[in-house]
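Understanding the architecture of this molecule
Residues per chain, in single letters:
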Amino acid sequence: MKWGKKFKRIVWTKRSAIIGLAVAGAFVLANSGLYLAYKGRTYPNTVVGSKKVGSVSFVEIAQVSTTKAVLPDKIELNYANKTVSKSVGELGVSLDRAALEQQARTTRSWLPIINVFRVQNVAVRTTIEDTKFNEAFTALLPEYQRVAEDAKLTLENGSFTIKDPVNGQTLDASSTKQAIINSLAQGSMVVNLPVEVKTPAVSRQSLEDQLKGLQTQQNTAITLSYNGKSRKATTQEVASWYDAEGASFALSSDKIRAFVQAVGSSYGIRVQNISEASSTIKASLTSSKPAEVGLVAAPIARKSYNYCLATRGVDASYLGALNTKLLSVYSDPRGWNLDGLVSLNKADSGCSMTVWLSAASEMSSFGAICDSDWSCRVGANVVINFDRWQGASAAWNAAGGSLDEYRSMVINHETGHWFGFYHANCSGAGQPAPVMQQQSISLQGCSFNAWPLASEKAALKMQLGI
């Protein structure tokens, strides 16, 4: 009985071994057969992107992938809420044949039979042609690139405020190219762009002290008085005396002078001490100390002239600033007004002369004496070249003259022509140039000077018989 059981156990063991060997042999044969059958091609469940490319020769996989449109026609370039659609051809994208073949070879399992049952996802391998991509990227950049905006002081409706900063953003070509390659490798048609955020250099906090200073200046009491009458400037009027200067604001002497002149006119006088009054007001605001300024009436003008304003080839919006400057120059005792004996007043008609702001290209339309480079005077027309008005001249700038002083000079120079004066020359090295010298072209060794010399004003006084 015991021997029988032992015999049965031996038989069963041998039978199990034989079955095991048979199964192992079958497994080896199956894997060997599959290996040989698919040695140079993909397994049936191979997928590139979302397209099946099973049982395809490795060397043909790129061609088959192209035929089956593994690459989408278009991809979407996305950042935040903005999406731009571009064709892969525009971006220079194509299948990387060598990389795709290599990827297909290495994606499958080392055990052949597993590859029969498992889906083999082969990543889409692409290459991008630099020339096409760079061209498309350059065209794309404005869609996503934004310059960071610094916080800045603004003047709105008579009040100083701070405009908040805005972050900028930019794209890097190399990072964008890699993002496209990575997205396509994952079978995605949406590329989330690697936008780099740019932080503004000037923050709101850094301008708080300047804002408080301007607001304090604006609320400084400025009162102008004459013959028992007084006029206090409103906060909005004070605000109108500032010009934007860089990231802040600065007081404009011309605008203060225009205000003083306007107050004098409301009292029925021309202000003789306009320069002193304007300087006092400017110093008062700068130090934020209240000031009461007494106005002095100038003597009655012996000669009075009216001027009109016009533009040619220049937007009329520039006339406001031109008139502010004219009012300042024509009322300045350093100019042609001969301490109040001559007055030049703005009018809308019946003018003795017209002051023009003209585009350089239109200068020759006034007469043969005028050209695109300089300002000129033709008859009753005093013509200011807009290019010079905006940027002075090379000679003036090289000598360190300011644009504001250049504007004073060119007004006085061309008005001097209107009064009948011809060009003058430098009287000696280091001397102030006559205002009738062509300082825009050359200082001839003199120093720049925006105002008529005493000798030039004496000549006008003699000419007018006053």
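I will try to describe carefully the structure that is included in this document.

Section: the nonpolar core
Among the nonpolar cores identified, the biggest contains 38 residues, and Tyr307, Leu322, Leu326, Tyr330, Met353, Val355 and Phe419 are the most heavily contacted of them. Contributions of two or more residues to this core are made by strand E18 (303-312), helix H11 (319-331), strand E19 (342-346), strand E20 (353-358), strand E22 (381-385), helix H12 (386-391), helix H14 (403-418) and helix H15 (454-464). Beyond its immediate chain neighbours, meaning those up to four positions away, tyrosine 307 contacts Asn323, Leu326, Leu327, Tyr330, Leu344, Asn345, Lys346, Ala347, Cys351, Met353 and Val355. The next biggest cluster of nonpolar side chains, apart from the first, holds 33 residues, and it includes Phe58, Val84, Val93 and Leu140.

As for the packing of helix H9 (residues 253-266) against H11
One can describe the packing of H9 onto H11 by two numbers: an axis separation of 8 Å at closest approach and a directional angle of 70°. For the element pair H9 / H11, the angle class is roughly perpendicular. For the pair formed by H9 and H11, the contact residues are Asp254, Lys255, Arg257, Ala258 and Gln261 on the first element and Thr324, Lys325, Leu327, Ser328 and Ser331 on the second. Taken together, the residues of the contact of H9 with H11 sort by class into two nonpolar, four polar and four charged.

Observations concerning the state of the cysteines
Scanning all chains against the criterion turns up three disulfides. Disulfide partner of cysteine 308: cysteine 351, at an S-S distance of 1.8 Å. An S-S torsion of about 70° defines the bridge between cysteine 308 and cysteine 351 as right-handed. In this pair, cysteine 308 sits in strand E18 while cysteine 351 sits in the loop between E19 and E20, placing the two residues 43 residues apart along the sequence. Exposure remark for cysteine 308: the relative accessible area of 12% places this residue in the buried category. The exposure class of cysteine 351 is partly exposed, given its relative accessible area of 23%. Two residues share a disulfide in this structure: cysteine 370 and cysteine 376, whose sulfurs sit 1.9 Å from each other. Residues cysteine 370 and cysteine 376 share a disulfide whose torsion about the S-S bond is about 90°; that sign makes it right-handed. The two residues cysteine 370 and cysteine 376 agree in class, both being buried. Numbered in order of appearance, the disulfide-bonded cysteines of the protein chain are paired 1-2, 3-4, 5-6.

What counts, and where the lines are drawn
Residues numbered from 1 in each chain as written. Predicted model: local features only at pLDDT ≥ 70, side-chain atom pairs only at ≥ 80, totals over all residues. Heavy atoms only, no water. Core = buried A, V, L, I, M, F, W, Y, C linked by side-chain atoms within 4.5 Å. Buried < 20%, exposed > 50% of the residue type's maximum accessible area, 1.4 Å probe, protein only. Helix = DSSP H or I, 4+ residues; strand = E, 2+ residues; numbered from the N terminus. Contact = heavy atoms within 4.5 Å. Axes fitted to C-alpha atoms, helices over the stretch in contact; angles between N-to-C directions. Parallel < 35°, antiparallel > 145°, perpendicular 65-115°, else oblique. Nonpolar A, V, L, I, M, F, W, Y, C, P; charged D, E, K, R; others polar. Disulfide = S-S within 2.5 Å.

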